[in-house]
Each structure stands twice: as structure tokens, then as C-alpha cells.
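# Structural characterization, general
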Amino acid sequence: QVQLVESGGGLVQAGGSPRLSCAASGRTFSRYAMGWFRQAPGKEREFVAAINYGGGSTVYADSVKGRFTISRDNAKNTVYLQMNSLKPEDTAVYYCAARDTRVYSSSVYVRASEYQYWGQGTQVTVSS
């Protein structure tokens, strides 16, 4: 069982650059593929970014490509989402997700159904 705890959200002005963190419990974090998703009020949860176990493979939603960067520090059991040039439409609850691939794979995952573990979410509100 893996527990994920997000932090770093809050109220941010448009154009701001907060960094979200997701701390994971467990000794096998390094083999987990990780992802960030978000859910705005009245909308479905959507994919934001994903990273493979070692950080060598990443993928982004078109809406955040060039503005957001996902990274991980396996020594700290933490994955990050650096968010730059925030827009009001980025307002959402941001969720961290983990998938135990059981092998060290370069694969990244963009569907919420592919992840086994979820954090509780952190609210990011972007004011214009």
C-alpha cells in the first residue's frame, strides 16, 4: 500500500509559478510510474503530466505543455509539478497518482484508470 500526500497548492496570481509536491510512503517508490491529474469544478478529472520510474520519460497534456514540468527525486520519495505562467483556467484540485509497474519500465501512463494509488488532492486557485 502506498500513501500519497500532495502539498504546495493555494491561491496564486495569474502568471505565478508554484511547485506542487507529492510525498510517497513505501520502500519501492523508485519503481512507481507517477502522474498528476486535475479536476475543476463541474468537470471530469483530466490528465496533466506523467513520469516513468527513473524520470527519463515524461508526457504532458497539450494544455500545459511548455508551462508545467514534472520531475521526481527517488531518494526523497517525491514527485514534483513545477507550474509556470499559470492561467485562471488552471484552477482545479490537483491529484498525484502512482502505478506500481513491478518492473523498471520506461512507460508512462495518461489514463486515470491505469493508476492504483491516489493522493487526497491539493487546491490550486489562480486569480486573474
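Residues numbered from 1 in each chain as written. Predicted model: local features only at pLDDT ≥ 70, side-chain atom pairs only at ≥ 80, totals over all residues. Heavy atoms only, no water.

### Thoughts on the overall build of the protein chain
Scanning the protein chain from N- to C-terminus turns up 0 helices and 11 strands. Order of helices (α) and strands (β) in the protein chain, N terminus to C terminus: β-β-β-β-β-β-β-β-β-β-β. Against the compact-globule benchmark of 14 Å for 128 residues, the protein chain has a radius of gyration of 14 Å, which places it among compact chains. Dimensions along the principal axes, computed over C-alpha positions, put the protein chain at roughly 45 × 25 × 25 Å. Sorting the 128 residues of the protein chain into buried and exposed places 46% on the buried side. Relative to all contacts within the protein chain whose residues are 6 or more apart in sequence, the contacts with residues 24 or more apart total 61%. (Helix = DSSP H or I, 4+ residues; strand = E, 2+ residues; numbered from the N terminus. Rg over C-alpha atoms; globule rule 2.2 N^0.38 Å. Buried < 20%, exposed > 50% of the residue type's maximum accessible area, 1.4 Å probe, protein only. Contact = heavy atoms within 4.5 Å.)

### Let's talk about the state of the cysteines
Scanning the entire structure with this criterion turns up 1 disulfide. One disulfide bridge connects C22 with C96, the sulfur atoms lying 2.1 Å from each other. Here the S-S torsion is close to -75°, and the disulfide linking C22 with C96 is therefore left-handed. Separated by 74 residues along the polypeptide, C22 in strand β3 (residues 19–24) and C96 in strand β9 (residues 92–100) bring together distant segments of the chain. Judged by relative accessible area, C96 falls into the buried class, the value being 0%. (Disulfide = S-S within 2.5 Å.)

### Details of the side chain of D90
Its place among the elements puts D90 in the loop between β8 (78–83) and β9. Residue class for D90 comes out buried when judged on its relative accessible area of 1%. Discounting residues that sit within four places of it in the chain, D90 has contacts with R38, R67, F68, S85, V124 and V126.

### So, the packing of aromatic side chains
Counting across every chain of the model gives 7 aromatic pairs. Centroid distance F37 to F47: 5.7 Å. Interplanar angle 75°. Geometry classified as edge-to-face. On the criterion of sequence distance, the pair formed by F37 in strand β4 (residues 32–39) and F47 in strand β5 (residues 46–51) is long-range, its members being 10 residues apart. For the pair formed by F37 and F47, the shared burial category is buried. Judged by centre distance (5.1 Å) and plane angle (65°), the rings of Y53 and Y104 are edge-to-face. Of this pair, Y53 sits in the loop between β5 and β6 (58–60) while Y104 sits in the loop between β9 and β10 (117–118); the two residues are 51 residues apart in sequence, bridging distant segments of the chain. Since its relative accessible area comes to 28%, Y53 is described here as partly exposed. Residue Y104 is classed as exposed on the basis of its relative accessible area, which comes to 54%. Linked through ring pairs, F37, F47, Y109, Y115 and W118 together constitute an aromatic cluster. One cation-aromatic arrangement involves R45 over W118; the distance from NZ or CZ to the ring centre is 4.7 Å. (Phe/Tyr/Trp six-rings, centres within 6.5 Å; stacked < 30°, edge-to-face > 60°. Lys NZ or Arg CZ within 6 Å of the ring centre and 35° of its normal.)

### Side note on the nonpolar core
Counting 37 residues, the largest nonpolar core has L4, M34, W36, L81 and Y94 as its most contacted members. Looking at this core, the elements that each hand over two or more residues are β3, β4, β5, β7 (68–73), β8, β9 and β11 (122–127). (Core = buried A, V, L, I, M, F, W, Y, C linked by side-chain atoms within 4.5 Å.)

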